[in-house]
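# Descriptive structure summary
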Amino acid sequence: MKFTSLLLLIIASLSIFSCKSDPDPTPDPKPRETSRTVLVYMVASNSLNSAAADDIESMKIAVNNGALQDGRLLIYKVGYQSSPELQEFTPNGLVTLKSYPGVTSSVTVEAMTQVMADMKALAPADEYGAIFWSHSTGWLSPVKTKPRTSRSWGDDKGAKMPIPDMAEALKDTGLNFIYFDCCFMGNIETLYEFRGTTPYIVASPAEVPADGMPYEINLQYFFSKEADLKKIARNTYEHYNALTGADRSCVMSVYNMNAIDGVAEAAAAILSDNNVTPEGIEYQQYGFRTSWNNFNGMFYDMGQYFESLTSDNSLLESYRKAMDSFIEYTAATPKMWDTWELKHTSGVSTYIYSEDPANGSANGYGDLAWWRDIVSPAYK
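The rules behind each value
- Residues numbered from 1 in each chain as written.
- Predicted model: local features only at pLDDT ≥ 70, side-chain atom pairs only at ≥ 80, totals over all residues.
- Heavy atoms only, no water.
- Helix = DSSP H or I, 4+ residues; strand = E, 2+ residues; numbered from the N terminus.
- Buried < 20%, exposed > 50% of the residue type's maximum accessible area, 1.4 Å probe, protein only.
- Contact = heavy atoms within 4.5 Å.
- Areas by Shrake-Rupley, 256 points an atom, 1.4 Å probe, with all protein chains shown as cover.
- Pairing = 2+ DSSP bridges.
- Axes fitted to C-alpha atoms, helices over the stretch in contact; angles between N-to-C directions.
- Parallel < 35°, antiparallel > 145°, perpendicular 65-115°, else oblique.
- Left-handed = near helix turned anticlockwise from the far one by under 90°.
- Arc of directions from axis to C-beta.
- Right-handed = clockwise from strand over helix to strand, strands pointing away.
- Salt bridge = Lys/Arg side-chain N within 4 Å of Asp/Glu carboxyl O.
- Patch = residues over 30% accessible without salt bridge, like charges linked within 9 Å, V, L, I, M, F, W, Y side chains within 5 Å.
- Lys, Arg positive; Asp, Glu negative; His and termini not counted.
- Charge placed at Lys NZ, Arg CZ, Asp CG, Glu CD.
- pLDDT = per-residue confidence, 0-100.
- Core = buried A, V, L, I, M, F, W, Y, C linked by side-chain atoms within 4.5 Å.
- Expected span 1.5 Å × (residues − 1).

Looking now at the overall build of the protein. The helix and strand inventory of the protein stands at twelve helices and 17 strands. Within the protein, the proportion of its 380 residues that are buried is 57%. Here the analysis covers contacts within the protein between residues at least 6 apart in sequence; of these, 72% occur between residues at least 24 apart. Just so you have it, the protein exposes about 15600 Å², and 47% of that area is on carbon and sulfur atoms.

What follows deals with the sheet that holds strand E4 (residues 85-90). Across the sheet, nine strands lie side by side as E5-E4-E3-E2-E6-E9-E10-E12-E14; this open sheet has mixed pairing. Two strands close off the open sheet at either side, each with one partner strand: strand E5 (93-99) and strand E14 (327-332). Strand-to-strand twist across the sheet, computed as the mean angle between neighbouring axes with direction ignored, equals 15 degrees. Where strand E6 (residues 125-133) lies against strand E9 (residues 177-181), five bridges are found, and the strand directions are parallel. Within E9, the residue paired with Gly129 across the bridge is Phe177.

A few words now on the packing of helix H8 (residues 260-273) against helix H10 (residues 313-326). Their axes nearest at 8 Å, the elements H8 and H10 cross at an angle of 155 degrees. Taken together, H8 and H10 sit at an angle that is classed as roughly antiparallel. In this structure, the crossing between H8 and H10 has a hand that is left-handed. Across from Ile260, Gly262, Val263, Ala266, Ala267, Ala269, Ile270 and Asp273 in H8, the residues of H10 making contact are Leu315, Ser318, Tyr319, Ala322, Met323 and Phe326.

The subject of this paragraph is helix H4 (residues 163-170). The complete set of buried residues in H4 reads Ile163, Met166, Ala167, Ala169 and Leu170. Buried residues of H4 fall within an arc of 160 degrees about the axis and therefore sit on the same side. Close packing links the buried residues of H4 with helix H3 (109-122), E6, strand E7 (153-156), strand E8 (159-161), E9 and helix H5 (188-193).

This brings us to the pairing of strand E10 (residues 200-203). Strand direction decides the pairing type here: E9 and E10, joined by two bridges, are parallel. Opposite Ile178, over in E10, you have Ile201 as the bridge partner. Between E9 and its parallel partner E10, the chain crosses via H5, and the hand of that crossover is right-handed. Summarising the sheet, E10 and strand E12 (residues 251-256) pair through four bridges and their orientation is antiparallel. Bridging across to E12, Tyr200 finds its partner in Asn256.

Attention shifts here to the pattern of salt bridges. Under the definition given, this model contains nine salt bridges. A salt bridge links Lys171 to Glu168; the nearest nitrogen and oxygen atoms lie 3.3 Å apart. For Lys171, a relative accessible area of 40% corresponds to the partly exposed category. The exposure class assigned to Glu168 is partly exposed, which follows from its relative accessible area of 41%. In this structure, Glu341 engages Lys343 in a salt bridge whose closest nitrogen and oxygen atoms are separated by 3.2 Å. The exposure class assigned to Lys343 is exposed, which follows from its relative accessible area of 58%.

A few words on a negative patch on the surface. A cluster of acidic residues, Asp54, Glu57, Asp211, Glu216 and Asp247, forms a negative patch on the protein surface. Within the secondary structure, Asp247 sits in the loop between helix H7 (229-241) and E12.

A few words on the packing of H3 against H4. The geometry of H3 relative to H4 is characterised by a closest axis approach of 8 Å and an angle of 30 degrees between their N-to-C directions. The pairing of H3 with H4 is recorded here as roughly parallel in orientation. The chirality of how H3 crosses H4 is right-handed. On H4, the residues touching Val109, Met112, Thr113 and Met116 of H3 are Asp165, Met166, Glu168, Ala169 and Leu170.

Turning next to the confidence of the model for the protein. Segments scoring low in pLDDT should not have their predicted coordinates read at a detailed level. Summing up the model confidence of the protein, the mean pLDDT is 90 and the portion of residues at 70 or higher is 89%. Scored below 50 in pLDDT, residues 4-25 shows 43 contacts in the model against residues more than four places distant or in partner chains. The low-confidence segment residues 144-149 (pLDDT under 50) makes 14 contacts with residues lying over four places distant or belonging to another chain.

With that out of the way, let us pick up the nonpolar core. Judged by nonpolar contacts, the single largest core of 90 residues is most densely connected at Tyr41, Phe132, Trp153, Phe180, Phe326 and Trp370. Leaving out residues up to four positions away in the same chain, Phe326 has contacts with Ile188, Leu191, Val254, Tyr255, Asn256, Met257, Ala259, Ile260, Val263 and Val348. Judged by nonpolar contacts, the second largest core, of 38 residues, contains Val38, Ala62, Leu73 and Phe177.

Turning to H8, a few remarks are in order. Across its 14 residues, H8 extends 20 Å between first and last C-alpha, which sits within 8% of the 20 Å expected from 1.5 Å per residue. Among the residues of H8, Ile260, Val263, Ala264, Ala266, Ala267, Ala268, Ile270 and Leu271 are the ones counted as buried.

Relative to the elements of secondary structure, Arg372 occurs in helix H12 (residues 369-375). Classification of Arg372 by relative accessible area gives partly exposed; the value is 48%. With sequence-adjacent residues up to four places away left out, Arg372 is seen in contact with Gly366, Asp367 and Pro377.

This is the structure:
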């Protein structure tokens, strides 16, 4: 979930999407193949509709400044009053590649799988990357018991996508990287669902301001000879760290997904040794109770939590080594929303199941592979 002000929440948003081309032109039978195609999967049929317009304009500026080099930038756009469309950014503006008049929800396995296939068919490339843009609440499932936190990834006119469903839709797409321009996707439970899906993920373990990633600055680095994900994450962090007050709020991380199994193994060993949290420790949180939502007790710093569970040097050494391999970059501003300090930030969050099992169960924790493979065995 990207944070949005009360004003954005109450303004009635109109569709932001328009295009001068025909609604669904006949595709080129031999589409141009390029070095890299990047897809922005933008679900903006929610309170972020106005913010989407700003980000699209930033993308256009970057494209006009030559950011794409030899690559192609596509956007799957979902607005309030129009059917979803797959479009391409070109120096001459947006060109529609395909329309989806029969799609009523873009946060389903079927819809996302189809768009990924269309990306490859209409914009073939040596490599593919994806940016997912919408609201999100990480591992928290869209369940009725928690209506104020009833998102997982995406919000298409109220419909949400559980993380296991999203992982299912993306598992065979061959993406070289994923950037989550949305809140709370940098948690170990979510990341573990995506193991084997992509080599690299860029995400935040905390909330992301409505402005999101600074596309005008970053877009060119998605199309470098090698996509420079660390530079992109650093630019996003530095952009927000240069602001003041509540606007100075950002945590960004780059995850090497090839190392996540090592983290899982080290974490499982620690939990098997001890799953009882010691007394007197105030664990770093990334989610808080605010005027717009309540994520208190859902996202704790993983590094601080697991290191507090053991004094066994062998277990700690293995855990630290695994985390160093997994988190290739992380940075955090001193506070979130100018209120909550960020003191212990390893760069990835986790839910502490032993602190509130009922709350975890109510939000679908038992549906996650991290629960089945890592946490649950420690309680048997």
